[in-house]
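Reading the structure
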Amino acid sequence: MANRLSCAYENLSSSYLLTTTDYQKQFCHLYTHRLAEMTRLLTPLALKEWGTQVPIMKLCELRGEQNVQCIIIGTIYKHQAHKPSILRDISEENQLAPQPQRQNYSEPEDKLILEDELQRVRLQGGEFLESHKLATGIVCAVKGDTDSEGFFNVEKILFLESGPQKPLTVKRNSKLILISGLDQLQSHNFVDALNMFQYWLSGCFDNKSEAQSQVRLIVAGNSVRSSAMAHVPTLQVARHQANANDTVQAISQLDSWFASWAKAIHVDVMPGAYDPANFMLPQQPFHKCMFPLAAQLSSFQSVTNPYICRLDSALVVGTAGQNIADLLRSTALDSSLEALRCTLKWGHVAPTAPDTLACYPYISSDPFIMKECPHVYFAGNCEKFETDLHVGSGGKRTRLVCLPSFSKTQSVAVIDLATLDCRQIKFSVETE
């Protein structure tokens, strides 16, 4: 087994660990705190970008005046006619004529509205306002003026861009490995690929020097299954019991894999959308009793989803992909990579939560705000492998990585933490 490079590690996901489980609160507290916190962060950026000649105002200060040049900071609400609505679902009209569920409910006719603490105003801006790329929950600063029809004409728009970024000072050739969508229930279709991955991870393929540079493996969700379990009628007890037994067996097999991998490298396991974990974001770490063999090793740990850690000086942020999948449903973004890039620009991991993405009803904080720009930002369980080195304002460099499911592609991503270079490695085995 290869000896690994030492790498300073810090788990920064404590803000995602729930200390209480009070689900009786309203989500307005989360939106209120999001707006207040991001207004505090956006105000100096707006003054730096546009100067002090144009004042930052509240909507109530406009008092219906026209042609007032100003800056407004608020939360975007995107009015979409086809957005899922529980009230519409239970209405009598829909019961008589149920509509099929749409995979994407973005339309050119969608309306953008900006809300601050007290009022709201309809936005329009043509080329300056790409409404098809925006979603409900984004906090931004807009520069423009009002007109006689009550619209706010947007001339420029400013986002947080994930705050400042600390210098990257990783001197060694440290490598981070990312994998997602193990889908152990279907592992009989790719067990050879899993074996090859384990041998490669242990340096048994004459790749000892490469294995020595690998410092950590992050498993980004959907390890047990990668799709929703089919609905089983309550009368089919035997079928339901069989599904439960399959799940228990899959978890036991995962335990064996994780224990083997953790003997070679540090392993962090995140829950995913279809794993046996809580449904709302942030998903809490798996209980150690689920993986009794792996849990005995100090190099193994279950972590939250989303997950934040620091490896030497490199800040790593990632999710199991729910935030990206939900954003693609509510916008006309072309790919998972563009959706991931947008969340980085907006400075928020999950802007559509809690509107169309379930999350915990926080009262006094919004842990999804990105106050520090990461060096590596990934999303698991995407349609295909995509990556890009995003360069933001001030020269901030972030490696964006969209991970496909291992069950579909038999591939992993390897990131050089010193240079932020990224490549895909496939372990697919050709069968006749």
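Computed from a predicted structure; not experimentally measured. Per chain, the residues get numbers from 1 upward, laid out in the order the sequence is written. Only residues with pLDDT of at least 70 get local features here, since the model is predicted, and only at 80 or more are side-chain atom pairs given and counted; chain-wide, interface and lining totals rely on the full set of residues. With hydrogens and water set aside, each side-chain value is computed from the structure's full complement of heavy atoms.

1. Examining the domain arrangement of the protein
As a reminder, the rule being used: All the domain ranges listed were derived from an automatic or database domain assignment. Only heavy atoms matter for contacts: two residues are in contact if any of them lie within 4.5 Å across the pair. Accessible area, probed at 1.4 Å, shrinks when two parts are joined; the buried area is that loss added up over both. A side-chain nitrogen of Lys or Arg and a carboxyl oxygen of Asp or Glu constitute a salt bridge if their distance falls within 4 Å. Between N or O atoms, a polar contact is any pair within 3.5 Å; within protein, one atom must be a potential hydrogen donor and the other a potential acceptor, and residues adjacent in sequence are included only when both atoms are from side chains. For helices the rule is a DSSP run of H or I covering at least 4 residues; for strands it is a run of E covering at least 2, with both sets numbered from the N terminus onward. Side-chain classes are defined by residue name, with Ala, Val, Leu, Ile, Met, Phe, Trp, Tyr, Cys and Pro counting as nonpolar, Asp, Glu, Lys and Arg as charged, and the others, Gly among them, as polar.
Along its sequence, the protein is organised into domain 1 (9–22 + 164–426) and domain 2 (54–92 + 104–158). Taking only C-alpha atoms into account, the centre of domain 1 sits 34 Å from that of domain 2. Listed by partner, the interface residues are 13 residues for domain 1 and 13 residues for domain 2. When domain 1 packs against domain 2, the two sides together hide about 1,100 Å² of surface, and 57% of this comes from carbon and sulfur. Run the count over domain 1 and domain 2 and you get 0 salt bridges. Along the contact surface separating domain 1 from domain 2 lie 6 residue pairs in polar contact (both at pLDDT 80 or more). Tallying contributions element by element places helix α9 (residues 322–330) first for the side of domain 1 that touches domain 2, with 5 residues. Looking at the side of domain 1 that touches domain 2, its residues break down into 6 nonpolar, 4 polar and 3 charged.

2. Regarding the environment of C342
Looking at the secondary structure, you find C342 in helix α10 (residues 336–346). Sequence separation between C342 and H266 is 76 residues; the distance between their C-alpha atoms is 30 Å.

3. Some details on the side chain of H348
Along the chain, the position of H348 falls in the loop between α10 and β13 (376–382). Within the local environment of H348, its side chain forms a polar contact with the side chain of R34, the two groups lying 3.3 Å apart. A distance of 2.8 Å separates polar atoms of two side chains, one belonging to H348 and the other to D366.

4. Some thoughts on the packing of aromatic side chains
The way to describe two aromatic rings as a pair is by their centre distance and the angle between their planes. Spelled out, the test is: Only Phe, Tyr and Trp rings are paired, with Trp represented by its six-membered ring, and only when their centres lie within 6.5 Å; those with planes under 30 degrees apart are stacked, over 60 edge-to-face, the remainder tilted. Consider the ring centre and the ring normal. A charge sits over the ring if Lys NZ or Arg CZ is within 6 Å of that centre and within 35 degrees of that normal.
Per the stated rule, a full pass over the model turns up 18 aromatic pairs. On the basis of an interplanar angle of 85 degrees and a centroid distance of 5.6 Å, the ring pair of F286 and F291 is categorised as edge-to-face. Grouped by ring-pair contacts, the aromatic residues F190, F197, W200, W257, F258, W261, F286, F291, F300, F406 and F427 constitute a single cluster. Above the plane of the ring of Y9 lies R216, whose end atom (NZ or CZ) is 3.6 Å from the centre.

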